[in-house]
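Read off the chains here:
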Amino acid sequence: MAKLGVLTFHRCINYGSFWQARCLVLGLRSLGAKPVVLDHRSDRVSRAEWRCALQPLLPARTARSDISLYASKIRKFQNAFASFPLSAAFALDEPLAPEDCDLVVVGSDEVWNFRHPWYGGVPLFYGEGLSAKRIVSYAATFGSHPAANGLESYWADKLRQFHAISVRDENSRTIIERALGREAALVLDPCLQFPETIAPCRNLVIPRPYVAVYGHSFPSWFQQEVRRWTASRSLPLISIGYRNDWADEQWLDGGPYDFAGFIAGAEAVATNFFHGCVFALLNGKPFACVLSDYRSNKVRDLTRMVGAQRHVVSQKTPPADYESILGVAPSPAIENRLEQLRLQSRSYLTNVLD
């Protein structure tokens, strides 16, 4: 059987990064492949991950009482990382190829985002140094790098070596098509593509009704509208992974498996993160998302792609609209669209695995 490597951000202290890596690995297995995660290591990246995980709300400093909870969250992630089938470790920043593979799948995640604070512009994710017969991408994204800024020829030339390219948002597809003059397939994030890989982890973790808060640095108007709606329903707001003092309760040390059960058990989700939307969608949960500068491209494109635009709110959203946005499950048309996209994504994967 062909040797398959997955190249992604597999050690991020981030619920979405963990789950998209795990879902892609398990999803590829369900298609008959035997993937390994290419285990790139970097002291520079590790220090940045730990700093961000312990001080996620900078410039606001983390209270001393929260440090131990964030550290517990980190340990839960480290334990979860042990579930990945890993290649031999190699240095991220050195031009030494990892072990030979017949096929390397780059993605999912912001592997091509030049604005990522520590992975931005790492040549490895553009194929440099990879020893493989074929290199493809799956659900890769340029993240917050806008299509209007284009792609320099240095990076475009590297991506031309890819045998097939798929992305998860229109912004990234536009960048590829303008810079390379070739079509990029539009596919689903692995969490949405392979929801069955998450299903065993959707155990009820809080045995009472609540609204999930996922993200941080929410604008005050969003906080007020969500609190007004939850108060009308007598529902507590519980924030996972990050301190949000406007929520009623904080669950700062929740691990990635906790997160899956937490969103699955919520009455609704308030978020400004991409995977807050993803997990609400795959669980059929009502959700309200506010755009942030860093995540606006991928959130806007995801909700447009599946027909969930009404769940993206702004300061102009009438207060009365929150009743349907947070109180009514997403339209069945969204699930129908997801099924169409799953077929499209599966076709892409089966073709590149062949």
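Just so it is clear, the structure is predicted and the values come from calculations on it, not from any experiment. (Residues numbered from 1 in each chain as written. Predicted model: local features only at pLDDT ≥ 70, side-chain atom pairs only at ≥ 80, totals over all residues. Heavy atoms only, no water.)

It is worth spelling out the overall build of the protein chain at this point. Regarding its fold elements, the protein chain presents 12 helices and 14 strands. Here the C-alpha atoms of the protein chain give a radius of gyration of 20 Å, agreeing with the 20 Å that 2.2 N^0.38 yields for 354 residues. Projecting the C-alpha coordinates of the protein chain onto the three principal axes gives extents of approximately 60 × 45 × 40 Å. The proportion of buried residues among the 354 residues of the protein chain is 58%. The long-range fraction of contacts in the protein chain, counting pairs at least 24 apart against all pairs at least 6 apart in sequence, stands at 75%. Accessible surface, the protein chain: about 14,500 Å² in total, of which carbon and sulfur atoms supply 50%. The centroid of the 39 positive side-chain charges in the protein chain is displaced by 2 Å from the centroid of its 34 negative side-chain charges. (Helix = DSSP H or I, 4+ residues; strand = E, 2+ residues; numbered from the N terminus. Rg over C-alpha atoms; globule rule 2.2 N^0.38 Å. Buried < 20%, exposed > 50% of the residue type's maximum accessible area, 1.4 Å probe, protein only. Contact = heavy atoms within 4.5 Å. Areas by Shrake-Rupley, 256 points an atom, 1.4 Å probe, with all protein chains shown as cover. Lys, Arg positive; Asp, Glu negative; His and termini not counted. Charge placed at Lys NZ, Arg CZ, Asp CG, Glu CD.)

The next subject is the sheet that holds strand 1 (residues 4–7). Ordered by their spatial adjacency, four strands build an open sheet running 2-1-5-6, and the pairing between neighbours is parallel. Across the chains shown, the open sheet's two edge strands, defined by having one partner strand only, are strand 2 (35–37) and strand 6 (132–137). When the angles between neighbouring strand axes are averaged without regard to direction, this sheet yields 25°. Here strand 5 (residues 101–106) pairs with strand 6 via five bridges, running parallel. Looking at the pairing, Val105 lines up with Val136 of strand 6. In the packing of helix 1 (residues 15–30) onto the sheet, contacts are made with strand 1, strand 2 and strand 5, and the angle to strand 2 comes to roughly 165°. Taken strand by strand, helix 12 (residues 332–353) contacts strand 1, strand 5 and strand 6, and its axis lies near 170° from that of strand 6. (Pairing = 2+ DSSP bridges. Axes fitted to C-alpha atoms, helices over the stretch in contact; angles between N-to-C directions.)

With that out of the way, let us pick up helix 2 (residues 43–54). The end-to-end C-alpha distance of helix 2, which contains 12 residues, comes to 16 Å, matching closely the 16 Å that a straight helix rising 1.5 Å per residue would cover. Residues of helix 2 that are buried: Val45, Ala48, Glu49 and Ala53. End-on, the buried residues of helix 2 take up no more than an arc of 130°, which puts them together on one face. When the buried face of helix 2 is taken as reference, the exposed residues oriented beyond 90 degrees from it are Asp43 and Arg51. Tucked inside the fold, the buried residues of helix 2 contact helix 3 (64–81). Taking the backbone nitrogen of Arg44 as reference, a side-chain oxygen 3.3 Å away marks Ser42 as the first, capping residue of helix 2. (Expected span 1.5 Å × (residues − 1). Arc of directions from axis to C-beta. Polar contact = N/O pair within 3.5 Å; in protein donor to acceptor, adjacent residues only side chain to side chain.)

What follows covers the environment of Tyr294. Counting through the fold element by element, Tyr294 comes out in the loop between strand 13 (287–290) and helix 10 (296–306). Sequence spacing of Tyr294 and Arg115 is 179 residues, and the spatial spacing of their C-alpha atoms is 8.7 Å. If we skip the residues at most four places from it in the chain, Tyr294 touches Glu110, Asn113, Arg115, His116, Pro117 and Ser144. At a separation of 2.6 Å, a polar atom in the side chain of Tyr294 contacts the side chain of Glu110.

Across all of its chains, the model carries 19 salt bridges by this definition. Between Lys76 and Asp253 there is a salt bridge whose closest N-O contact spans 3.9 Å. In this pair, Lys76 sits in helix 3 while Asp253 sits in the loop between strand 11 (249–251) and helix 8 (256–265), placing the two residues 177 residues apart along the sequence. Asp253 gets classed as buried once you look at its relative accessible area, which sits at 18%. The partner of Arg233 in a salt bridge is Glu323, and the shortest N-O contact between them spans 2.4 Å. You can see Arg233 sitting in helix 7 (residues 220–233) and its partner Glu323 sitting in helix 11 (residues 322–327), a full 90 residues away along the chain. Here the salt bridges share partners, and the residues they tie into one network are Arg11, Asp39 and Arg41. (Salt bridge = Lys/Arg side-chain N within 4 Å of Asp/Glu carboxyl O.)

On to the nonpolar core, then. In terms of nonpolar packing, the biggest core is built from 105 residues, with Trp19, Trp112, Leu159 and Phe279 touching the most fellow members. Top element by residues in this core is helix 1. It accounts for eight residues. Filtering out sequence-adjacent residues up to four positions away, Trp112 remains in contact with Val106, Phe125, Tyr126, Ser137, Ala140, Thr141, Phe142, Leu159, Phe162, Ile165, Val167 and Ile176. Residues Val226, Trp246, Ala270 and Tyr322 belong to the second largest nonpolar core, which totals 19 residues. (Core = buried A, V, L, I, M, F, W, Y, C linked by side-chain atoms within 4.5 Å.)

Let's shift gears to the side chain of Asn272. Its location among the elements puts Asn272 in the loop between strand 12 (268–271) and helix 9 (274–282). Looking at Asn272, the relative accessible area reads 4%, which means it is buried. From its side chain, Asn272 meets the backbone oxygen of His216 in a polar contact 2.8 Å long. For Asn272, the residues in contact, after removing those within four places along its chain, are Tyr214, Gly215, His216, Ser217, Phe218, Cys289, Val290, Ser292 and Arg295.

The next point concerns the environment of Gly120. Locating Gly120 in the fold gives a position in the loop between strand 5 and strand 6. Relative accessible area serves as the criterion here: at 29%, Gly120 is assigned to the partly exposed category. Between the C-alpha atoms of Gly120 and Arg227, which are 107 residues apart in sequence, the distance is 36 Å. Aside from chain neighbours lying at most four places away, what touches Gly120 is Asn113 and Phe114.

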